[in-house]
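Residue strings, one per chain:
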Amino acid sequence: MKRITKYFSQENSVRGASLLLIVTLAISNMLGLLRDRFLAKNLSFSDLDIYFASFRVSDTLFNFLILGALVSAFLPIFTDFTTSRRTEEGFKLASIMINSSAIIMSLTAVIFYFIMPSVVGIIVPNFESARFNETVAYSRLLMITPIFFSVAYVIGGILNSYKRFFAYSLSPLLYNLSIIVGAVFLAPRYGITGVVYSVIAGSFLYFLILIPALIKIDFKYYFILRPKDETIKRITRLMIPRSVSLGASQILFTVFTSIGSTISVGAIAALNFANNIQTVPVVILGNSFATAVFPVLAKKISEGDNEGFSFYLNRAIRAIGFLMIPSSMVMILLRAQIVRLIIGTGKVDWDDTKMTALALGFFAVSLISQGLIPLLARAFFALKNTRLPMYSTIISVIVSIIFAYPLASNYSIVGLALAFSIGSFVQMFILFYSLLTKYPSVFNPKLVGAYLKILVISLLMALATWGTMHGMAGIVDMSRYWGVLTQVLVSCVAAIIVYLGINFLIGSEEIKWAFKRRINGGDEGSDRTKSGAEKRK
């Protein structure tokens, strides 16, 4: 027990915290896929349409009203208080945020309880009466979750500023485990209701696991609000760009849900499953690199070292391309097998699988842009520019919505995934072009050459993957789970051997950065011994 308590109270080093968060992030995403498998096993796609649609209101409101304030405004200001030894002021600010967030989300839940039928009518206009009423009921219940999440995110920010990451990293694991328990044990008997209550329980556990660590830092809680406090006004001003960005992204999937409800039964479920699957490499590979390089970019800007900023940003762009381009090709080639392995069970039929696989393939087209967007956005954050990422998000959402309606009319759910990918590429190009206007050295011949090299090697890898995939199909029983799993594993091994083997033979720099994690400045000293011209080759 003492050892467990120690994990909740001990301070983590920067390297240890990064490793802990990356590992738990990967585990959480794997649990998310396991969660989806059990949901697909015990609920029909018709029920899952209702389940996923019921999240749209609570998720959008939480992202727009709370998460933006916490991510972009509260955390840096609270950290300023603690680092300047104004601990009491910091605790009062945190208490104000806890109280304000809980009250805002509670009042919002009450208001939306009464207007939920009208809101849901916009989100799922084509649901028949019974499914519509269920969606309204579950949407009302799920409005409880942002109350717990809002308090939990404030506490998580406090713990992060004190470098206590252990409890924070466990929160999403407990949340997904709670839903898995509901999907396995409650869904067969109680249907969607059982899973929805497990979601609420998971949000409570997400909050509860943080309390012991909060107590260990001697946090002092104050029951205060102070809406006219200058610091609160400053947080409100700072939160707007980030809140708009997060809210816009949620609005996009709300529109997609509305369109999906007009396509066919199961379209909403298929879209959400495909999006959950394609998000895994983006979060684990793209976001982890963006997180790793952000402190270095911020440091270079604070030192006035524009050359160093461009140098490390160029490296990170190449490293993410090295990981995301082959991931995209593998996911496109093995999309049907991946979907069969994750959700091809229970009440899922072949039509559901095909619909999800098609959507996954068109989502996967934009893995490279989705991987680069977090990095490019953080580059602007390092430059203390939060507005351009906001504008790029708004434009990309508008573009996706404009394309979504005609594409969905002609190509069903595939059109929605394609519209998403188009918007993602638009956002990437806006961010990249805007950076180049001030830092043209980011885009140099070596970057172009690296991406052409990665593309050619990825195409060779794709040929090897395709050949292995079809070769294995004639050996294993593709009607069985273990046959499909064997085909996927052998094909992925072949892809890895070919891709890494060729890169190793030609002495690719990106392979070192991607797997030794030296992109974040670990080899800065050795690089600085070289001439500037040599470094920029």
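The structure reproduced in this document is the subject of the present report.

Cut-offs and rules
- Residues numbered from 1 in each chain as written.
- Predicted model: local features only at pLDDT ≥ 70, side-chain atom pairs only at ≥ 80, totals over all residues.
- Heavy atoms only, no water.
- Helix = DSSP H or I, 4+ residues; strand = E, 2+ residues; numbered from the N terminus.
- Rg over C-alpha atoms; globule rule 2.2 N^0.38 Å.
- Buried < 20%, exposed > 50% of the residue type's maximum accessible area, 1.4 Å probe, protein only.
- Contact = heavy atoms within 4.5 Å.
- Lys, Arg positive; Asp, Glu negative; His and termini not counted.
- Charge placed at Lys NZ, Arg CZ, Asp CG, Glu CD.
- Core = buried A, V, L, I, M, F, W, Y, C linked by side-chain atoms within 4.5 Å.
- Phe/Tyr/Trp six-rings, centres within 6.5 Å; stacked < 30°, edge-to-face > 60°.
- Lys NZ or Arg CZ within 6 Å of the ring centre and 35° of its normal.

So, about the overall build of the protein chain. Tallying secondary structure elements over the protein chain gives 23 helices and zero strands in all. Relative to a compact globule of 537 residues, whose C-alpha radius of gyration would be 24 Å, the protein chain shows 24 Å and is just as compact. With respect to the three principal axes, the spread of C-alpha positions in the protein chain is 60 × 60 × 50 Å. Taken over 537 residues, the protein chain has a buried fraction of 53%. Of all intrachain contacts in the protein chain linking residues separated by at least 6 positions in sequence, the fraction that spans at least 24 positions is 84%. Charge centroids of the protein chain, computed over 48 positive and 26 negative side chains, lie 5 Å from each other.

Let us now look at the environment of Leu-455. As for its placement among the helices and strands, Leu-455 is situated in helix α19 (residues 445-473). Residue Leu-455 is classed as partly exposed on the basis of its relative accessible area, which comes to 38%. As a C-alpha pair, Leu-455 and Met-329 span 126 residues in sequence and 9.9 Å in three-dimensional space.

Ranked by internal contacts, the top residues of the largest apolar core, which has 159 residues, are Tyr-51, Ile-158, Ile-317 and Leu-375. Counting residues per element, this core draws most heavily on helix α12 (residues 267-302), which supplies 17 residues.

For Thr-353, the location among the structural elements is in helix α15 (residues 350-364). Since its relative accessible area comes to 4%, Thr-353 is described here as buried. Excluding residues within four positions of it along the chain, Thr-353 makes contact with Ala-336, Val-339, Arg-340 and Val-348.

Applying the stated criterion to the full structure yields 24 aromatic pairs. Their ring planes at 70° and their centres at 5.3 Å tell us that Phe-62 and Tyr-153 sit as a pair that is edge-to-face. With a gap of 91 residues between them, Phe-62 in helix α4 (residues 56-83) and Tyr-153 in helix α7 (residues 145-161) connect regions that are remote in the sequence. Cation over ring: Lys-92 sits above Tyr-222, and NZ or CZ is 5.5 Å from the ring centre. Here the basic side chain of Arg-140 rests over the ring of Tyr-113, its NZ or CZ set 4.2 Å away from the ring centre.

Keep in mind these numbers describe shape, not what the thing actually does.
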